[in-house]
Amino acid sequence: MKKQTILTGIRPTGHLHLGHYFGAGKNWIKLQDKFDTYIEIADVQALTDNFNNPDKVRKSVKELVIDLLSIGIDPNKATIFIQSTIPEIAELTVFYSNLVTIARLERNPTVKNEIKQKKELFGQSGESITYGFLGYPVSQAADITAFKGNLVPVGEDQLPLIEQCREIVHKFNSIYGNTLITPEPYLSEIPRIKGLDGNEKMGKSLGNAIFLADEPDVVRKKIMSAVTDPNKIKVDDKANPDVCMVYYYHKLIGNPNLKTVCEECKAGKRGCVACKKELVNKMLEFLKPIAEKRKYYENNLQIVENILKEGNNKAKKVAQETIKEVKTSMKINYFD
Ligand code: ATP
Ligand code: MG
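Residues numbered from 1 in each chain as written. Chains lettered and ligands numbered in written order. Predicted model: local features only at pLDDT ≥ 70, side-chain atom pairs only at ≥ 80, totals over all residues. Heavy atoms only, no water.

Let us now look at the pattern of salt bridges. If you walk through the whole model with that rule in mind, you get 22 salt bridges. Notably, a salt bridge pairs Lys-59 with Glu-63, separated by 3.2 Å at the nearest N-O pair. With Lys-59 and Glu-63 both in helix H3 (residues 54-71) and four residues apart, this pair spans about one turn of that helix. The exposure class assigned to Glu-63 is buried, which follows from its relative accessible area of 18%. Arg-220 serves as the salt-bridge partner of Asp-217, at 2.9 Å between the closest nitrogen and oxygen. One end of the pair is Asp-217 and the other is Arg-220, both in helix H10 (residues 216-224) and three residues apart, which spans about a single turn. What makes Asp-217 exposed here is its relative accessible area of 56%. (Salt bridge = Lys/Arg side-chain N within 4 Å of Asp/Glu carboxyl O. Helix = DSSP H or I, 4+ residues; strand = E, 2+ residues; numbered from the N terminus. Buried < 20%, exposed > 50% of the residue type's maximum accessible area, 1.4 Å probe, protein only.)

Here we come to the domain arrangement of the protein chain. Interfaces are often sized by the accessible area lost when the parts come together. Splitting the protein chain by domain gives domain 1 (5-194 + 301-329) and domain 2 (214-295). Here the C-alpha centre of domain 2 lies 33 Å away from the C-alpha centre of domain 1. Each partner contributes to the interface: domain 1 provides 13 residues, whereas domain 2 provides ten residues. Both faces considered, domain 1 and domain 2 share a buried interface measuring about 1,000 Å² in area, 71% of it formed by carbon and sulfur atoms. Considering only the surface of domain 1 that becomes buried against domain 2, Leu-18, Ser-70 and Lys-194 emerge as the three largest contributors, covering 50% of it. Summed over the shared surface of domain 1 and domain 2, the result is one salt bridge. (Domains from an automatic or database assignment. Contact = heavy atoms within 4.5 Å. Buried area = accessible area lost by both parts, 1.4 Å probe.)

Here we take up the environment of Lys-34. Relative to the helices and strands, Lys-34 is located in the loop between helix H1 (18-31) and strand E2 (36-41). Under the relative-accessibility criterion, Lys-34 is labelled exposed at 55%. The spacing of Lys-34 and Gln-302 is 268 residues in sequence and 28 Å in space, taken between C-alpha atoms.

Residues spaced three or four apart along an α-helix point in a common direction, a consequence of the helix completing one turn every 3.6 residues. In terms of residue burial, helix H8 (residues 136-146) counts as a mostly covered element, since eleven of its eleven residues are buried. What H8 keeps buried is the set Tyr-136, Pro-137, Val-138, Ser-139, Gln-140, Ala-141, Ala-142, Asp-143, Ile-144, Thr-145 and Ala-146. Looking one or two residues beyond H8, the residue adopting positive phi is Lys-148, at roughly 55°.

Our focus in this paragraph is the packing of aromatic side chains. Within the structure shown, the criterion is met by twelve aromatic pairs. Between Tyr-96 and Phe-172, the aromatic rings sit 6.0 Å apart at their centres with planes inclined by 75°, giving edge-to-face as the arrangement. Here Phe-172 lies in helix H9 (residues 159-176) and Tyr-96 lies in helix H4 (residues 87-96), a separation of 76 residues in the sequence. Judged by relative accessible area, Tyr-96 falls into the buried class, the value being 0%. Looking at Phe-172, the relative accessible area reads 0%, which means it is buried. Put simply, the rings of Tyr-21, Phe-22 and Phe-286 pair up and form one aromatic cluster. (Phe/Tyr/Trp six-rings, centres within 6.5 Å; stacked < 30°, edge-to-face > 60°.)

A separate point is the site of ligand 1. Around ligand 1 sit 20 residues in total, of which Thr-13, Asp-157, Ile-193, Lys-201 and Met-202 are the nearest. In this structure, Asp-157 approaches ligand 1 through a side-chain N or O atom, which is 2.6 Å from an oxygen atom. Interatomic distance of 2.5 Å between a side-chain N/O atom of Lys-201 and an oxygen atom of ligand 1. In isolation ligand 1 has 600 Å² of accessible area, and contact with the protein removes 95% of it. Those elements giving two or more residues to the shell around ligand 1 turn out to be strand E1 (5-10) and H1. Classifying every residue of the shell around ligand 1 by side-chain character gives five nonpolar, ten polar and five charged. (Near = heavy atom within 4 Å. Polar contact = N/O pair within 3.5 Å; in protein donor to acceptor, adjacent residues only side chain to side chain. Areas by Shrake-Rupley, 256 points an atom, 1.4 Å probe, with all protein chains shown as cover. Nonpolar A, V, L, I, M, F, W, Y, C, P; charged D, E, K, R; others polar.)

Direction vectors running N to C along H3 and helix H14 (residues 301-329) enclose 95°, while the axes themselves pass 11 Å from each other. Taken together, the axes of H3 and H14 are roughly perpendicular relative to one another. Across the interface between the two elements, Val-61, Lys-62, Val-65, Ile-66 and Leu-69 from H3 touch Leu-301, Val-304, Glu-305, Ile-307 and Leu-308 from H14. Each residue belonging to the contact of H3 with H14 can be placed in one class, and the counts come to eight nonpolar, no polar and two charged. (Axes fitted to C-alpha atoms, helices over the stretch in contact; angles between N-to-C directions. Parallel < 35°, antiparallel > 145°, perpendicular 65-115°, else oblique.)

What follows covers the pairing of E1. Counting buried residues along E1, five of its six residues qualify, which places the element largely inside the surrounding structure. Once you follow E1 into H1 and on to E2, the crossover reads as right-handed. (Right-handed = clockwise from strand over helix to strand, strands pointing away.)

Bringing the environment of Gly-72 into the picture now. Tracing the sequence through the fold places Gly-72 in the loop between H3 and strand E3 (78-82). Considering only alpha carbons, one finds Gly-72 and Ile-29, 43 residues apart in sequence, at a separation of 6.2 Å. Excluding its chain neighbours within four sequence positions, the residues that come into contact with Gly-72 are Ile-29, Gln-32 and Lys-293.

For Lys-148, which is not a glycine, the phi torsion comes out positive at approximately 55°. With respect to the helices, strands and loops of the structure, Lys-148 is situated in the loop between H8 and strand E4 (151-154). In this structure, Lys-331 takes a positive phi of about 65° despite not being glycine. As for its position among the elements, Lys-331 is in the segment after H14.

The following block contains the structure:
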């Protein structure tokens, strides 16, 4: 029996962070054994809101691939490819753009939230939102369907985008005949990892992330400034670990000492500085093997390049098959 297919994407807008690892990446590592897995480096999507910063996107592509390999993505099991090398995705995007209204895109909760964040963080006005950015859910539907994705492992922030993709698939199939596969989202155990600042989402572009590639000094600085219980003023004040980001990360990375951390915090027997220092040590232990693997790939960039070239070739074959089927269904296969 043919294995089911997984398609997942990541935007080359910076390194992987803890949110990616625990919210999505850990799942990809598990799923690559059982599923035909495609991981897209979504450079075209990254350009929708970074079109004026091509250097950042270009630089991030290789960094991201190295991050993926360092956390345990195995290129023999998973196909890693770059979105822009597959023009069939852009073609599908154009076809699908007829099947979605502007109002529906504007109502998409993920898009709405990202626009809100852009306004708050970067002072961008509604007028600066481009046609390309508003339409990225359509291109994401093209990503998923080009590879006949059955399952899409994502963080919770992406659920409305999968829903939008499903709507596009239904509409396409009902107009042009059954052609596309309807994908299902696949959430990790912790579908949304919070930021150092207590924000509901740790995000690359939100300035609240611990990146897997952060140097020890940077990790230390970030953890020392993480948000703790605001009601704890003195060292021996009793505190509530449930509102403390330091406790949250102790838990996230599986500190074996978690019970003690929790009890001492509640009893006022542990100061925040000591607690943060303990987290720094545990976090560095967690990041060390990833950093070692990264060094290996950074010193062997040819291997990384070959993985990408092979991935692009393999992905292209599948997308070409899909576009042929789509064009036939749409009756634009003039010379077949
Ligand atoms: P950007 O701010 O540029 O959008 P991002 O941090 O949101 O970056 P993406 O490349 O958009 O990262 O997301 C890649 C995948 O990681 C998606 O499946 C997304 O849902 C997931 N993800 C990102 N951040 C988190 C998080 N904090 N918790 C859980 N999953 C996350
Ligand atoms: Mg994102």
